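Fold and contact review
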Amino acid sequence: MSIPQVPPSTHAPISGSPYQDPKKTLDWSRSDIERKWGFHGGRFTNPGRLMSMILGVLLTAAFYAAIVIVQQRWPHTHWFAAMFLERGPCPYPTMLLFFWALALLWIKWRKFILQRRALGLHIMPQEPEFVLTPETAREVRDRMCMMVDNPHHFVLFNRIDLALANLHNIGHTADVAAILKVQAENDEAQVASSYGIVQGFMWGIPVLGFIGTVLGLSQAIGAFTDTLTAGGDLAAIRASLKTVTGGLSTAFETTLVALVCAFILQLLVSFMQALESQFLDDCNDVCSKHVSGKLRLQSN
């Protein structure tokens, strides 16, 4: 006669030290793009400055090297190269800020992809009858720590862990919802502040373009004065007019380059902000469904 097998308990506590488990589903210390390259990783989706600055400098150098090579191989592209090489000093810092901002957004995007992976992990038991109490909350926290190296490195897990850690001091389910709401507001504020450097660059790039415009117009006006005083000397008139047109080119093309760079950055920032806003909404839905909706606390 066969003995029926008793299925293991879904809510059995997890044994062992979860932080010593070498096999993690999500390992922030190894998966974060900045940590993998040996830099200090910014929290959540906030990119660090050092790695992005190095990438920005390298991208700027590569861009100008490519322009020189293309101009040498295809001389008819001189007009394009002249916009960056022959229009005074302003295009150089403009492109540096542009590529630095691109590096910041790329790092942010890679960190965002890592944060979104947390939505695919089920730290709560999927049974409909599961009830979240101070006792089962401890098991859920242990399970969460088994799946990630540190819950506080992830937006979703950090929010859940803060709520579950305070269950012993909470008397109403509304208190848990309040904690989750406050943490959600903190996460939104942190995400908004992570765009501070990029938004500063988006403001500075057009300013550099306008500075180039002023310098170009000053050069053109000064050369036009020389034209008026040249009299009938055709050679002097031609030389001064050439300086006038060069100054006007500097005035308009530096502004053109700056505005195009700022426009591209604005599109990318808007795209990233939409992605992160949707991600925070998804985190709110998970917390509402699997934390607040599973609580059973005594009311005082």
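Residues numbered from 1 in each chain as written. Predicted model: local features only at pLDDT ≥ 70, side-chain atom pairs only at ≥ 80, totals over all residues. Heavy atoms only, no water.

1. What to know about the overall build of the chain
What counts here: Starting at the N terminus, helices and strands are each numbered in turn, a helix being any DSSP run of H or I of at least four residues and a strand any DSSP run of E of at least two. Per-residue accessibility, obtained with a 1.4 Å probe over protein chains only, is compared with the maximum for each type, and a residue is labelled buried under 20%, exposed over 50%, and partly exposed between these values. Any two residues having at least one pair of non-hydrogen atoms within 4.5 Å are treated as being in contact. Areas reported as accessible are Shrake-Rupley estimates using a 1.4 Å probe. Residue values count occlusion only from the protein chains shown.
When helices and strands are tallied, the chain shows 10 helices and 0 strands. When the elements of the chain are put in sequence order from the N terminus, they spell out α-α-α-α-α-α-α-α-α-α. Looking at the chain as a whole, 42% of its 300 residues qualify as buried. At a minimum sequence separation of 6, the contacts of the chain that also span at least 24 residues come to 77%. Accessible surface, the chain: about 16,600 Å² in total, of which carbon and sulfur atoms supply 63%.

2. Structural notes on the environment of Val198
Counting through the fold element by element, Val198 comes out in helix α9 (residues 196-228). Residue classification places Val198 among the buried residues on the basis of a relative accessible area of 3%. Between the C-alpha atoms of Val198 and Phe98, which are 100 residues apart in sequence, the distance is 9.1 Å.

3. Side note on the nonpolar core
What counts is decided by this rule: Here, nonpolar core refers to any group of buried Ala, Val, Leu, Ile, Met, Phe, Trp, Tyr and Cys residues whose side-chain atoms link them within 4.5 Å.
Counting residues in each nonpolar core, the largest one holds 59 residues, and the members touching the most others are Met95, Met124, Leu132 and Phe157. When contributions to this core are tallied by element, the ones reaching two or more residues are α3 (49-73), α4 (78-85), α5 (91-116), α6 (134-147), α7 (155-165), α8 (173-193), α9 and α10 (234-290). Of all hydrophobic cores here, the second largest spans 5 residues; its members include Ile33, Met51, Leu55 and Ala103.

4. As for the environment of Arg110
Tracing the backbone through its elements, the reader meets Arg110 in helix α5. Here Arg110 falls in the partly exposed class, since its relative accessible area comes to 30%. Here the alpha-carbon distance between Arg110 and Asp32, two residues 78 residues apart in the chain, equals 7.9 Å. Filtering out sequence-adjacent residues up to four positions away, Arg110 remains in contact with Ile33 and Lys36.

5. Let's talk about the pattern of salt bridges
The cut-off we apply is this: By definition here, a salt bridge exists when the distance from a side-chain nitrogen of Lys or Arg to a carboxyl oxygen of Asp or Glu is within 4 Å.
As enumerated under the stated definition, the model contains 8 salt bridges in all. Note that Glu34 and Lys111 form a salt bridge whose closest N and O atoms lie 3.2 Å from each other. Note that Glu34 is positioned in helix α2 (residues 33-36) and Lys111 in helix α5, a separation of 77 residues in sequence. Look at Lys111 and you get buried, because its relative accessible area is 1%.

6. Some words on a nonpolar patch on the surface
Let me state the cut-off plainly: Nonpolar side chains (Val, Leu, Ile, Met, Phe, Trp, Tyr) within 5 Å and like charges within 9 Å form the patches, drawn only from residues with over 30% relative accessible area and no salt bridge.
A cluster of nonpolar side chains, contributed by Leu256, Val260, Phe263, Ile264, Leu267 and Leu268, occupies part of the molecular surface with about 520 Å² of accessible area. Its location among the elements puts Phe263 in helix α10.

7. A look at the side chain of Glu34
Test applied: In protein, a polar contact means a hydrogen-donor-capable atom and an acceptor-capable atom, both N or O and within 3.5 Å, with residues adjacent in sequence counting only if both atoms are side-chain atoms; elsewhere, any N or O pair within 3.5 Å suffices.
According to the relative accessible area criterion, Glu34 is buried, its value standing at 1%. Here the side chain of Glu34 touches Gly42 through a polar contact of 2.9 Å, landing on its backbone nitrogen. Ignoring anything within four residues of it in the chain, the contact list for Glu34 reads Phe39, His40, Gly41, Gly42, Asn46, Pro47, Gly48, Met51, Ile107 and Lys111.

8. Quick word on the packing of α6 against α7
To be explicit about the condition: Interaxial angles span 0 to 180 degrees and are taken between N-to-C directions of axes, which are lines fitted to C-alpha atoms, for helices over the stretch in contact. Angular relationships are summarised with four words: roughly parallel below 35 degrees, roughly antiparallel beyond 145, roughly perpendicular across 65 to 115, and oblique for the angles in between. Each crossing is labelled by how the near helix is turned from the far one, with a counterclockwise turn of less than a right angle marking it left-handed and a clockwise turn marking it right-handed.
Axis separation between α6 and α7 bottoms out at 10 Å; the angle between their running directions is 150°. In terms of axis orientation, α6 runs roughly antiparallel to α7. Read as a crossing pair, α6 and α7 show a hand that is left-handed. Side by side, α6 and α7 meet where Ala137, Val140, Arg141 and Met144 of the first sit next to Phe157, Asp161, Leu164 and Ala165 of the second.

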